[in-house]
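Working through the structure, step by step
So you can see what is in the structure, the chains are spelled out below.
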Amino acid sequence: MTSPDEESNAESDAESNLARAEVTVDSLRIAVRQLWQHTARSRTTFVAALVFLVLATLAAVALPWAAIRVLDALAVGAELRSRLGLLTAIIAASAALSAVGSYLMMRAAEDAVVEARSRAGVSLIRMTVPAFSACTPGDLLTRYLADARAIRQIAMQSVVTLVTGVINIAGAIAFMVYLDWELFVVTAGAVAVPCLLLVIFMPRIRRATRDRQDIEGRLGGELERILGGFTTMKAAGAERFEIVRLHRQASAARSAGITAGVWNAFSTLTSSLAVQGAFLVVVAVGSVRVESGAMTVATLVGFLLYAMQLSAPVFQLTQSFAIFQAGRAAVERLGELDAFDAEALVGETMGEQNRAVRSETNNDPDRTLVEFRSVSVQYPGARGLALEDVSFVLPRTGLVAVVGPSGAGKSSLFRVIERFVDVESGEVFFDGRDVRSSRVDELRSEIALVEQENPLFDGTLRENLIYGIEPLPDAELMYALSTVGLGERFAEPASLDAQMGHRGASLSGGERQRVAIARGLLRGPKLLLLDESTSHLDAQSESIVNDVVASVAETLCVVVISHRASTARNAARIIVVSDGSIVDDGTHEELVAGGGWYATAMTGPDDDIESGDGQQLVSVTT
C-alpha cells in the first residue's frame, strides 16, 4: 500500500514525463519549422529533386516484379525478349532518374547551407553587445560553420532517405503482400521488436549528439581564446598549460562522440537484426510453402528480392534518423541565435550630404551635445549597478577626460552613449534627442568610437579607412591621414591600397591608433570617443596621438577615457568616476586644489595618478 507522499511523487513523475514528451514534440515541430525556413531559396529545386528521386525509387521497386516475369517466362518457355527489354528499361530509367535527382538535391542542399549561414550571420551581427559578451566567439563560429553545414546532411541524407526509403519500403511491402500475405505477416512479426528498439534509441542519439556539439563549441571557444592571446601565452610560458586544457576539452568531445557512437551502433545493430531476421524467416518459411505447393519458386525468389530490397532502405532509414537527430540538434543551436537580444539592422551608410550637414551643426559651441539625467545602468546577471544616478553634460567642442579606478564605470558611460546598453532609469540626450527615441544606426553614425584594442582589419588601408561609410575620394582620405600625423607615412595615394596585415600587423601601435582616429573622423561625427587610446603607446607615440586629439577637439567634442596623467592634464575638463558615480568634475587645477580623489591620486615625481587599489593614471616621461 502506497503512502500519500509516494502517490504524490508518482503523480509528479507522471506529469514530469508528460511535460518532457510535450517539450520533445514541440522541439521537433520547431526544428522542422526552422529547417523549412532554411530551405526558402531552394524549395523549388528541392521539390524537383524529390520528384526525380521518388520516380527512381518507384522504378527500383518495380525491378523484382520485372524479374519475376522473366523467371515465370523461363518456367513455361514463353518469349523473353520483351520482358528482358522491360527489365533493362527499368534499370536504365532508375539510374538516370537517380543521377538527376542527386544532382538537384546537392544544389538544393548547398543553397540551404547558404540560407542557414545568411540567417545565422544576420543574427550574429544584430546581437546586442551584452548578448555577445555573454557568448564565446568560438562557440558562435561553430554554430555558423559546423552547425550550418549539418543542414546539408539533413537535406541530402535524412529527408531524402526518409522519403525515398518510406516509398521503397511501402512498395516492397505492397508487392510482398500481393505475392504471399501469409509469409509477409510472419516476416513482419519477426522484425517488429528491432524496429521498436529503434524508436527508443532515437531521442538518446539526439541528446548525445547535442552534448557533443556543445562541447565542440566550447572547444572552439578555448582555441579562439588561445589564439587571441598567442603572444601572451608564449611570454608566460603557458604552452603546456594550454595544451592540457585543449586536450581536456578534446577528450570531453571524444567521450561525447563515443557516447553518440554507441547509440548509433545500437541502432545499426537493431536494423541489421531486422533485415537479417526477415531474410532468414523468408528462406525458412518460404521453403516450406514451396515444398507444400502453396507458392512457386519464382514467387519465392521475388519475395526474397523484395526482402533483400528492404535491407538497404531500412538501414538507411536508421542512419537518416540518427543524422536527423544530429541535424536537429544543429538546427536548434542555429535557432538559438535568433533568440539572442538583437538590434535593428543599420540603414543606409552615411552619405556626403549628411556629413556636410554635421560639420555645419558643430559650429555652435554653446549648444549641449550630450546630457545624462540621473542615469542608472545594470548589466544582465550583475548584482550591483554599473552606473548610479549619473548626471552631466558635454559641450559640442572640447576635450573631456574621464578618469577613475578600474571597474569604476568609465566604459559604461561610452556604452550608454552608443546605446550598447540601455539605462535602467534616467534619460540620455544626444543633440537634444532622447537616445531611446532615435534609431540606433542614426545615433551611432554621429559618433566615432576608438577602442583600447581597436581592430584594424586584414585588408587595405583604404578598406580600413572607409569601413562602414561610402567610398570617398583619395584626396579626402589623404587629408584625414595628414590630420592624424600620417601624411609622411602614407605620402602617395597608391599607399591607400597597401595591405595592413592581420589586425594591422604592418603598422606600429601608435600608427594603428591614428588610423583608427582617421577612420572615425571620416564619418563626420559630432562626438569622438577614445577608450584608453594611448594606454599601450610609448612616450613619442602618445605625444603624437595627444596632439592629434587636441587638434580634433577644436572642432568637435572628444571624450577620452585614460589612465595617463598627461592626457588628463591636457583636457579642458575632467570627470572623475568611482563606484559607478561621478564624484568630481572640473579642470585639472580645480580638482587638484579641491583635494578629492583626483588630487590624492596625483602622486610621484612624474605626477602619476594612482588610485587606492593600485591602478595608475601613468605619466610617461620623455
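Heads up: these notes are all about the structure in this document. No experiment lies behind these values; they were computed from the predicted model shown.

**Considerations on the overall build of the protein**
- Looking only at helices and strands, one finds 18 helices and 13 strands in the protein.
- A fraction of 77% describes how many contacts in the protein between residues 6 or more apart in sequence connect residues 24 or more apart.
- Carbon and sulfur atoms provide 58% of the accessible area of the protein, an area that totals close to 31,000 Å².

**A look at the sheet that holds strand S1 (residues 368–377)**
- One open sheet accounts for 4 strands, arranged S2-S1-S4-S5; its pairing is antiparallel. Where the open sheet ends on each side, the last strands, each with one partner, are strand S2 (387–395) and strand S5 (433–434).
- Direction of pairing for S1 relative to strand S4 (residues 425–430): antiparallel, over a ladder of 5 bridges. Its bridge partner lying in S4, Val370 is registered against Phe430.

**Section: the nonpolar core**
- Of all hydrophobic cores here, the largest spans 43 residues; its most connected members are Leu465, Ile517, Leu528, Val558 and Ile574.
- Here this core gets 6 residues from one element, more than from any other, and that element is helix H14 (residues 509–522).
- When sequence neighbours within four positions are dropped, the list of residues in contact with Leu528 reads Ala448, Val450, Ile517, Leu521, Val552, Leu556, Cys557, Val558 and Val559.
- Listed in part, the 31 residues of the second largest apolar core include Leu394, Val400, Phe430 and Cys557.

**Observations concerning the packing of aromatic side chains**
- Enumeration according to the criterion identifies 1 aromatic pair in this entry.
- Pairing Phe372 with Phe392 gives two aromatic rings, centres 4.5 Å apart and planes at 25 degrees, and the pair type is stacked. In this pair, Phe372 is assigned in strand S1 and Phe392 in strand S2, connecting sequence segments 20 residues apart.
- On the basis of relative accessibility, which here comes to 2%, the residue Phe372 falls in the buried class.
- Note on Phe392: relative accessible area 8%, which makes it buried.

**Things to note about the side chain of Ser94**
- Within the secondary structure layout, Ser94 lies in helix H3 (residues 81–126).
- For Ser94, a relative accessible area of 13% translates into the label buried.
- Look past the residues within four positions of Ser94 in its chain and what remains in contact with it is Ala56, Ala59 and Ala60.

**A word on a nonpolar patch on the surface**
- There is a patch of nonpolar side chains on the surface, built from Leu71, Leu74, Val297, Val301 and Leu305 and spanning about 380 Å² of accessible area.
- Among the secondary structure elements, those contributing two or more residues to the nonpolar patch are helix H2 (43–76) and helix H8 (297–339).
- When you line up the elements, Val301 lands in helix H8.
- When its relative accessible area of 30% is taken as the criterion, Val301 is described as partly exposed.

**Focus on unusual backbone geometry**
- Despite not being glycine, Ser374 shows a phi value in the positive range, around 50 degrees.
- The backbone phi angle of Arg419 is positive, close to 60 degrees, even though this residue is not glycine.
- You can see Arg419 is positioned in the loop between helix H10 (410–417) and S4.
- A relative accessible area of 16% places Arg419 in the buried class.

**Some remarks on the pairing of strand S10 (residues 581–586)**
- For strand S9 (residues 573–578) and S10, the ladder comprises 5 bridges, and the chain directions are antiparallel. Within S10, the residue paired with Ile574 across the bridge is Gly586.
- Hairpin connection from S9 to S10: 2 residues lie between these consecutive antiparallel strands, with Asp579 at a positive phi of about 50 degrees.

**Some remarks on H14**
- Between its first and last C-alpha, H14 extends 20 Å over 14 residues, near the 20 Å set by a 1.5 Å rise per residue.
- Those residues of H14 that fall on the buried side of the exposure criterion are Gly510, Glu511, Gln513, Arg514, Val515, Ala516, Ile517, Ala518, Arg519, Gly520, Leu521 and Leu522.
- Gly524 lies just past H14 and shows a positive phi near 65 degrees.

**Some points on the sheet that holds S9**
- Reading across the sheet, the 6 strands line up as S6-S7-S8-S3-S9-S10 and stay open at both edges, with mixed pairing between neighbours. Looking along the sheet, the strands with just one partner apiece sit at the ends: strand S6 (447–450) and S10. Each neighbouring strand pair of the sheet contributes to a mean axis angle of 20 degrees, computed without reference to strand direction.
- Along the sheet, H10 makes contact with strand S3 (398–403), S6, strand S7 (527–531), strand S8 (557–561) and S9, crossing S7 at roughly 145 degrees.

**Focus: the packing of H14 against helix H15 (residues 539–552)**
- The interhelical angle for the contact between H14 and H15, taken along N-to-C directions, is 15 degrees, at an axis separation of 9 Å. The orientation of H14 with respect to H15, classified from their angle, is roughly parallel. As H14 packs across H15, the resulting crossing turns out to be right-handed. Here Gly510, Arg514, Ile517 and Leu521 of H14 come into contact with H15, specifically with Ser541, Ile544, Val545, Val548, Val549 and Val552.
- Taken together, the residues that form the contact of H14 with H15 break down as 7 nonpolar, 2 polar and 1 charged.

**Some remarks on the pairing of S9**
- With respect to burial, S9 is a largely interior element, 6 of its 6 residues being buried.
- Residues of S9 alternate between two faces, with Arg573, Ile575 and Val577 on one and Ile574, Val576 and Ser578 on the opposite face, all of them buried.
- Two elements, S3 and S9, share 4 bridges in a ladder whose sense is parallel. Following the sheet pairing, Val403 is matched in S9 by Val576.

**Quick word on the packing of helix H13 (residues 474–483) against H14**
- It is at 9 Å that the axes of H13 and H14 come closest, and there the two elements cross at 130 degrees. Looking at the two axes, H13 sits oblique to H14. Between H13 and H14 lies a crossing whose hand is right-handed. Residues Glu476, Leu477, Ala480 and Thr483 of H13 form the contact with H14, whose own contacting residues are Ala518, Leu521 and Leu522.
- Partitioning the contact of H13 with H14 into residue classes produces 5 nonpolar, 1 polar and 1 charged.

About the thresholds
Residue numbers restart at each chain and count upward from 1, following the sequence in its written direction. Per-residue local features are limited, in this predicted model, to residues with pLDDT of at least 70; the limit for side-chain atom pairs, both in listing and counting, is 80 or more; totals at the level of whole chains, interfaces and linings are taken over all residues. The side-chain values count all of the structure's non-hydrogen atoms but skip hydrogen atoms and water molecules. Secondary structure elements are defined from DSSP: runs of H or I of at least 4 residues count as helices, runs of E of at least 2 residues count as strands, and each element is numbered from the N terminus. We call two residues contacting when some pair of their heavy atoms lies within 4.5 Å. Each accessible area is a Shrake-Rupley estimate made with a 1.4 Å probe; only the visible protein chains count as cover when residues are assessed. What makes two strands pair is DSSP finding at least two bridges between them. We define the nonpolar core as a collection of buried residues of types Ala, Val, Leu, Ile, Met, Phe, Trp, Tyr and Cys that are connected through side-chain atoms lying within 4.5 Å of one another. Throughout this description, buried means an accessible area under 20% of the type-specific maximum (1.4 Å probe, protein chains only), exposed means over 50%, and partly exposed covers the range between. Note on aromatic pairs: the rings of Phe, Tyr and Trp (six-membered ring only in Trp) are paired at centre separations within 6.5 Å, and the planes decide the class, stacked below 30 degrees, edge-to-face beyond 60, tilted for the rest. Patch membership needs two things, relative accessible area over 30% and no salt bridge, and members are linked within 9 Å if like-charged or within 5 Å if nonpolar (Val, Leu, Ile, Met, Phe, Trp, Tyr). Salt bridges, as used here, are contacts in which a Lys or Arg side-chain nitrogen is within 4 Å of a carboxyl oxygen on Asp or Glu. An expected span of 1.5 Å times one less than the residue number is assigned to each helix. The axes used here are C-alpha line fits, helices contributing only the stretch in contact, and every angle between their N-to-C directions lies in the interval 0 to 180 degrees. The labels follow the angle: roughly parallel below 35 degrees, roughly antiparallel above 145, roughly perpendicular from 65 to 115, and oblique for the rest. Crossing handedness is defined as follows: a turn of the near helix away from the far one that is anticlockwise and smaller than a right angle gives a left-handed crossing, while the clockwise case is right-handed. Throughout, the ten residues Ala, Val, Leu, Ile, Met, Phe, Trp, Tyr, Cys and Pro are labelled nonpolar, Asp, Glu, Lys and Arg are labelled charged, and all others, Gly among them, are labelled polar.

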